[in-house]
Amino acid sequence: MNHRGKVFKILLYVLAAAAAVILLFLLCKEVREMSNGSEAMPMGNLRGYRFGEKSLNENFSGDGRYEIPAGKIDRVYIEWHSGGVEVMPCNGNSVILLEKGAKPITKENRLRYGADDANIAVKYSSDDVTVTEEKSLTVKIPETMKSRLEVLAAETTSAPVVITGMNPRKLGVKTVSADVSVKECSLKSMDLKTLSGNITCEKCKISDGKAETGAGKVNVHGKIGDVYVKTVAGEINIISDKMPDGFRVETVSGDTNLYLGEVKSFAVTYNTGHGDFYSDFKVQREEKSNIYTYRNGHGSDEHTVSSSSGNFRILKKQAKK
């Protein structure tokens, strides 16, 4: 390699490192500010949450079980610290909260919740309690309620979040260091964010989705409309029977793998400093200002992958045996 080539390679690595630092800083900033809420997750800060003149409920259940009549409730907000959060469907006409800890739950460190005609808010404990023990939270939502949900939102520090079988119009989950898993959900709007955890969407129908992580991996599997994925170093896997309506990927050094079943035509723009491209499908490469578009058939360009050094592969999805 000549001197000019070595200098160019070093410059690419320096730029990639700088981009990683900037992206990680932005993710950290977003996580620090996550209690301010967002359009996709209109949560706000649950500390001091009020429903009109009513404070969070003072009830205490020795077995950690609380039942709330579902009525016309269509918004569920959860704020949790460590242990784990799971949301799943159930039979009946009540929302069920189940709290479990390694040690018996006391009146002082119990969960707190509030409910009105449209909302349920659940938080880890009272504001004046110091968090020392891990507690898990299970939220069971009636089958009759899960498809009318307008908002399902959760914020955690180190508690993994698992959501199964829910169909909210807006789903928002933010964690600092925990994994996020969404299974068998139908979502019009999805916003998942974690600083260092993995993000997994399995067998989901997603109209408009966003997934962001620093060092974690992102796996999105299902019927996908539009999706936006951002990582620093984490690998990205998008698995779909058909080419998504549109997707945008931004990563510094993580590889992007797009697994497709049925394909008629597509076009993907790949903007990279030092990454490689591979496709199981026949494509033609078009170049403009050092940006490459790979076209299959007469596909329009609604798909973009930007990476400093990560590779991009379009692979044939393996049929189930």
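A short tour of the structure in this document, coming up. (Residues numbered from 1 in each chain as written. Predicted model: local features only at pLDDT ≥ 70, side-chain atom pairs only at ≥ 80, totals over all residues. Heavy atoms only, no water.)

## Overview of the overall build of the chain
Check the secondary structure of the chain and you find two helices and 23 strands. Counting over 321 residues, the chain shows a buried share of 47%. Long-range contacts, defined as pairs at least 24 residues apart, comprise 53% of the intrachain contacts of the chain with a sequence gap of at least 6. If you sum the accessible surface of the chain, you get close to 15900 Å²; carbon and sulfur atoms cover 48% of it. (Helix = DSSP H or I, 4+ residues; strand = E, 2+ residues; numbered from the N terminus. Buried < 20%, exposed > 50% of the residue type's maximum accessible area, 1.4 Å probe, protein only. Contact = heavy atoms within 4.5 Å. Areas by Shrake-Rupley, 256 points an atom, 1.4 Å probe, with all protein chains shown as cover.)

## Topic: a negative patch on the surface
Taken together, the side chains of Asp208, Asp226, Asp245 and Glu302 present a region of like negative charge at the surface. Note that aspartate 226 resides in strand S14 (residues 218-231). Since its relative accessible area comes to 36%, aspartate 226 is described here as partly exposed. (Patch = residues over 30% accessible without salt bridge, like charges linked within 9 Å, V, L, I, M, F, W, Y side chains within 5 Å. Salt bridge = Lys/Arg side-chain N within 4 Å of Asp/Glu carboxyl O. Lys, Arg positive; Asp, Glu negative; His and termini not counted. Charge placed at Lys NZ, Arg CZ, Asp CG, Glu CD.)

## Here's the deal with the packing of aromatic side chains
Overall, the coordinates contain seven aromatic pairs when judged by the stated rule. Judged by centre distance (6.1 Å) and plane angle (85 degrees), the ring pair of phenylalanine 266 and phenylalanine 281 falls under edge-to-face. Here the residue phenylalanine 266 occupies a position in strand S18 (residues 266-272), and phenylalanine 281 occupies one in the loop between strand S19 (277-279) and strand S20 (284-288), the gap between them amounting to 15 residues. A residue is classified by how much of its surface remains accessible, and phenylalanine 266, at 1% relative accessible area, is buried. Centroid distance tyrosine 270 to phenylalanine 312: 5.5 Å. Interplanar angle 55 degrees. Geometry classified as tilted. Residue tyrosine 270 is located in strand S18, and its partner phenylalanine 312 is located in strand S23 (residues 312-316); the two are separated by 42 residues in the primary sequence. Here tyrosine 270 and phenylalanine 312 have matching classes, each one buried. Members of the aromatic cluster, each reached through a chain of ring pairs, are Tyr270, Phe277, Tyr294 and Phe312. For the cation-ring pair, lysine 135 lies above tyrosine 124, with the distance from its terminal atom to the ring centre recorded as 4.3 Å. In this structure, lysine 316 packs its charged tip against the face of phenylalanine 281, placed 5.8 Å from the ring centre. (Phe/Tyr/Trp six-rings, centres within 6.5 Å; stacked < 30°, edge-to-face > 60°. Lys NZ or Arg CZ within 6 Å of the ring centre and 35° of its normal.)

## Section: unusual backbone geometry
One non-glycine residue, glutamate 184, lies in the positive phi region at around 50 degrees. As for its placement among the helices and strands, glutamate 184 is situated in the loop between strand S11 (180-183) and strand S12 (186-194). The class for glutamate 184 is partly exposed, based on a relative accessible area of 48%. Located in the positive-phi region is lysine 203, a residue other than glycine, with phi close to 55 degrees. Topologically, lysine 203 is positioned in strand S13 (residues 199-213).

## Thoughts on the pairing of strand S15 (residues 236-242)
Of the pairings in the sheet, the one linking S14 to S15 comprises four bridges and is parallel in character. Across the sheet, the residue bridging to asparagine 219 is asparagine 237, located in S15. Direction of pairing for S15 relative to strand S17 (residues 256-262): parallel, over a ladder of six bridges. Looking at S17, one finds that isoleucine 239 is bridged to tyrosine 259. (Pairing = 2+ DSSP bridges.)

## Brief notes about the environment of isoleucine 199
Counting through the fold element by element, isoleucine 199 comes out in strand S13. Separated by 19 residues in sequence, isoleucine 199 and valine 218 place their C-alpha atoms 4.8 Å apart. When near neighbours in sequence (up to four residues on either side) are disregarded, isoleucine 199 contacts Val180, Leu192, Lys193, Thr194, Ala211, Glu212, Thr213, Lys217, Val218 and Asn219.

## A few points about the nonpolar core
Within the largest apolar cluster, 60 residues are counted, with the highest numbers of intra-cluster contacts made by Val87, Leu97, Ile163, Leu171, Val182, Leu192 and Phe247. When neighbours within four sequence positions are excluded, leucine 192 is seen to be in contact with Leu171, Val173, Val180, Val182, Ile199, Cys201, Lys210, Ala211 and Glu212. (Core = buried A, V, L, I, M, F, W, Y, C linked by side-chain atoms within 4.5 Å.)

## A short note on the environment of lysine 123
Position of lysine 123 relative to the elements: it lies in strand S6 (residues 119-123). Accessibility expressed as a relative area gives 3% for lysine 123, which makes it buried. For lysine 123 and glutamate 155, which are 32 residues apart along the polypeptide, the C-alpha to C-alpha distance reads 9.6 Å.

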